[in-house]
Amino acid sequence: VTLVAPARSGRTEPDSPAPWRRRPGTALLVALLATVNAFAWGLIVAPFHVPDEPSHAFYAQYFGETGKLPKASANSNWYSPDFTAMLSDSAFYYVIGQPQNRPQWDATSARAHTRETSTKLNRVGVGDASSASTNPPLYYLPQAAVYRAAHGLQPLSRLALMRVLAALLAGLTTLCVFAFLRELLPGSPLAWTVGALAAGLQPMFGFIASGVNNDGGLFLVTAALLLALARLLRRGLTPRRAAAVGALLAAGILTKTQALAYTPAVGLALLLAARKVPSGRLRGLAAAVGAGALPLAVYGVLGATVLDRPLFDRVNVVTAGATAGARPFLLSEQISYLWQEYLPRLPFMTDLMPGVQPYHLWFKQLVGRFGWLDYGYPGWAYPLALGIVLIVAAGAATHLWNHRAGLRARAGEIAVFALLALGLMVAIALVSYRSWLTGGSFEQGRYLLPLLPLAALVPALAVRAASPRFAPLAGVGIVLVTLSYSVFAQLLTVARFYG
Amino acid sequence: VAVLGLLGLVVAVGIVGSGSRVHLQGTNDLRPFGFDVTIPAGKTACQPYENVPSGTGGVRVRAGTFGKPGPRVALSLEPAGSSPVRGGLAPGWREGDVTIPVTEVQGDRLGVRVCLTNHGPGQIALAGEPFAANFAARVGAQPEPGRARLEYMRPHADSWWGLLGTLADRVGTVRGALPGAATLYLWALLGLGVAGGAVALVLREGRE
């Protein structure tokens, strides 16, 4: 909230012209719309059909019940008896990945839903939250609080309340996107509104953010971190701004270890900001390091004493040696894999993955592949989306070209944001390659969703490129297209689970 | 333009929702992984332990006829302790996803034995999943490699609008939380609010 709140009047800040200070109402309305949108998604997506939702919801349940963090068990004895009964009652394992099957919607299964409270099944199990077991706890802390508050309710009512919290995080994320755009494009309220709405109503964002999944936490922390970085680079290094950056990086790492990939970008931003400040440089950098290190140190001590957890869990996925039966790790192949993950394969490269990943994996799945990747739009909707995105991107590129002289002054910012995006992309490719070596498949389009604030710059710049007369028209067009994709994705969701 | 755009979106939703088809009433949750049940001409395959939902008016199967026109088939749903529900198909149907109409089932029926008789000529293969012999479908006394996927269909085609009440009940049951059967209507209301609010907000910012 401190980050997104406009500066108090009377305090002069560089690069913060007066008009945007009158926009807190718009920012809150945009956030409200994104919250309501994610909440609406959460009403119709069948329970646990946001990817990995059972693991994340059980993590919160176990944390709420015991105060301990889950641990992977040797025999994959996932979840607890009550949780397993709930999944079984809804035929969960028959429905995920099987678009022709439906959750149980008859009266018999409705009665089964009440079984947990009537028979008092065990809610703890052995503490194995499946794929979420090794996640850090920050996202689950408030979710566990919701679980505790709703302890006496039916299991699905508890999940519904956890989804309300998830929707609130989606709203906060969108608020940060709005503030981020406001920081980068001063004087363009329409552009901030359109960019933030395009992000907050984006169908995949609405779908993922509607469920219990620590991706929702990462979306928020990443958006807040990008905002904090923008403020640091635009307004200059102060202990407070530097501390915000450090604390948000730590919060990201404590939400999803993947956020470690943001560290180089944060380091670069601090160095660039420090270079411009003649004095107080050390105080600023110390504030950043302190604010980042303190929560990690506390978690590290708790992990070593009470929680029995390493500070950086999951890192072993990347650093571990080859497992039995796996292909050997080759650096040249890893580099080739990284390239092909995001760019079309070059003629001299061995074909390591099917199709053209930038389109078939990232673009299509970011436009919309829902459920446990088991339903999406009809085939024609994706090339149509590509055409629309290219038109909007061309508008944004035109604006950048026309203002290329000003871009040079922003080279530092651009480098920081590019490094942050690159860090995340490399982190995904490193894990993907390790998974590929063992015959698995890791990558999903949603893993790039934390970069949504950067993507929101594209529609915002496109609106800015239009003449004052046509800018509202362009803005309405972009928002209507986003809404159309969102509405039809939700109709597909109703048909998928209940039709 | 904004109003026209919003109206266009509403009209598009209206048109999509008015499309009519025969909807699912339930399934036995099996997946059509392979053709695990084969019924020779003149034989009957029976599959026990089926739960048939109330309002079923047909059973859809994925049936192969080895390229030939489908033979006459008879279907019976045999609940324990009550009279069977019958249906069938005249010869000449084409292989693929085939719905065999039956008399509409009144009330949920649990533990039903579903039997399909192939009156020939030619054999039929039904898609499903492999199962242990004690749960597999049987032709006579002989267990087949698995069970067939059965989809219980509504007796007639409905538009999505016509199905609205049923959809609302289903959403309420599956969600298992407040506001129950009103969930779908709340969702629609919120969706309208988001769409209208987003466009109104852009217009407001565009005017200033």
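Residues numbered from 1 in each chain as written. Chains lettered and ligands numbered in written order. Predicted model: local features only at pLDDT ≥ 70, side-chain atom pairs only at ≥ 80, totals over all residues. Heavy atoms only, no water.

Caption draft 1: Local environment of the overall build of chain B. Helix and strand content of chain B: 3 helices and 15 strands. Computed over the C-alpha atoms, the radius of gyration of chain B is 23 Å, more than 25% above the 17 Å expected from 2.2 N^0.38 for a compact globule of 208 residues. Dimensions of chain B, computed from C-alpha atoms along their principal axes, come out at roughly 80 × 40 × 30 Å. With 208 residues in all, chain B has 46% of them scored as buried. Sequence separation of 24 or more characterises 76% of the internal contacts of chain B that already satisfy a separation of 6 or more. For chain B, the accessible surface area stands at approximately 9,600 Å², while carbon and sulfur atoms represent 61% of it. (Helix = DSSP H or I, 4+ residues; strand = E, 2+ residues; numbered from the N terminus. Rg over C-alpha atoms; globule rule 2.2 N^0.38 Å. Buried < 20%, exposed > 50% of the residue type's maximum accessible area, 1.4 Å probe, protein only. Contact = heavy atoms within 4.5 Å. Areas by Shrake-Rupley, 256 points an atom, 1.4 Å probe, with all protein chains shown as cover.)

Caption draft 2: Summary view of the interface of chain A and chain B. Listed as interface residues are 55 residues of chain A and, on the opposing side, 48 residues of chain B. Carbon and sulfur atoms make up 73% of the surface buried where chain A meets chain B, a total of about 4,300 Å² over both sides. Summed over the three residues of chain A that lose the most area to chain B, namely L43, W105 and Y498 of chain A, the buried surface amounts to 16% of that side. Applying the counting rule to chain A against chain B returns 9 residue pairs in polar contact (both at pLDDT 80 or more). (Buried area = accessible area lost by both parts, 1.4 Å probe. Polar contact = N/O pair within 3.5 Å; in protein donor to acceptor, adjacent residues only side chain to side chain.)

Caption draft 3: Seen up close, the confidence of the model for chain B. Mean pLDDT over chain B stands at 95; residues scoring 70 or higher make up 100%. Here the prediction assigns the complex a pTM of 0.93, and the interface score ipTM is 0.92. (pLDDT = per-residue confidence, 0-100.)

Caption draft 4: The arrangement of the state of the cysteines in detail. All names here are of chain B. As enumerated under the stated definition, the model contains 1 disulfide over all chains in all. With a sulfur-sulfur separation of 2.0 Å, C46 is cross-linked through a disulfide to C115. Since a negative S-S torsion denotes a left-handed disulfide, the C46-C115 link at about 115° is right-handed. Taken together, the residues C46 in strand β4 (residues 44-52) and C115 in strand β9 (residues 109-118) connect sequence positions 69 residues apart. Accessibility assignment for this pair places C46 and C115 in one class, buried. (Disulfide = S-S within 2.5 Å.)

Caption draft 5: Looking closely at the sheet that holds strand β12 (residues 142-143) of chain B. Strand order in the open sheet formed by 6 strands is β7-β6-β9-β4-β11-β12 (chain B), and the pairing between neighbours is antiparallel. If you trace the sheet from one side to the other, it starts and ends with β7 (85-89) and β12 of chain B, each paired once. (Pairing = 2+ DSSP bridges.)

Caption draft 6: Spotlight on the pairing of strand β5 (residues 58-64) of chain B. All names here are of chain B. Among the 7 residues that make up β5, 5 are buried, leaving the element largely enclosed by the rest of the structure. Alignment of β5 against strand β8 (residues 96-101), held across 6 bridges, turns out to be antiparallel. Bridging from a neighbouring strand, R60 pairs with T99 of β8. Two strands pair when backbone bridges link them, and β5 and strand β14 (residues 151-153) are joined in this way by 3 bridges, in the antiparallel orientation. Looking across to β14, one finds that R60 is bridged to E151. As defined by bridge partners, β5 adjoins strand β10 (residues 124-130) across 2 bridges and the pair is classed as antiparallel. Looking at β10, one finds that G64 is bridged to A125.

Caption draft 7: View of unusual backbone geometry. Of note, the bond from G120 of chain B into P121 of chain B is cis; its omega dihedral lies within 30 degrees of zero at 5°. With respect to the element layout, P121 of chain B can be found in the loop between β9 and β10. With an omega of 0°, the peptide bond running from L178 of chain B to P179 of chain B counts as cis. The topology assignment puts P179 of chain B in the loop between α2 (164-175) and α3 (183-207). You will see that Y79 of chain A, though not glycine, has its phi angle at about 60°, which is positive. Along the chain, the position of Y79 of chain A falls in the loop between α2 (53-66) and α3 (81-89).

Caption draft 8: Seen up close, the pattern of salt bridges. All names here are of chain B. What the rule picks out here adds up to 21 salt bridges over all chains. Residues R149 and E151 are paired through a salt bridge, measuring 2.7 Å at the closest nitrogen-oxygen approach. By relative accessible area, which is 5% here, R149 ends up buried. For E151, a relative accessible area of 9% translates into the label buried. A salt bridge links E205 to R204; the shortest N-O distance between them is 3.4 Å. For E205, a relative accessible area of 2% translates into the label buried. (Salt bridge = Lys/Arg side-chain N within 4 Å of Asp/Glu carboxyl O.)

Caption draft 9: Geometry of the side chain of Q365 of chain A. Tracing the chain through its elements places Q365 of chain A in helix α17 (residues 357-368). For Q365 of chain A, the residues in contact, after removing those within four places along its chain, are M204, L373, Q444 and G445 of chain A.

Caption draft 10: Fine view of the pairing of β9 of chain B. Residues and elements named next belong to chain B. As defined by bridge partners, β4 adjoins β9 across 6 bridges and the pair is classed as antiparallel. Bridge assignment links C46 to a residue of β9, and that residue is C115. Where strand β6 (residues 73-78) and β9 come together, 6 bridges link them in antiparallel fashion. Within β9, the residue paired with L75 across the bridge is L116.

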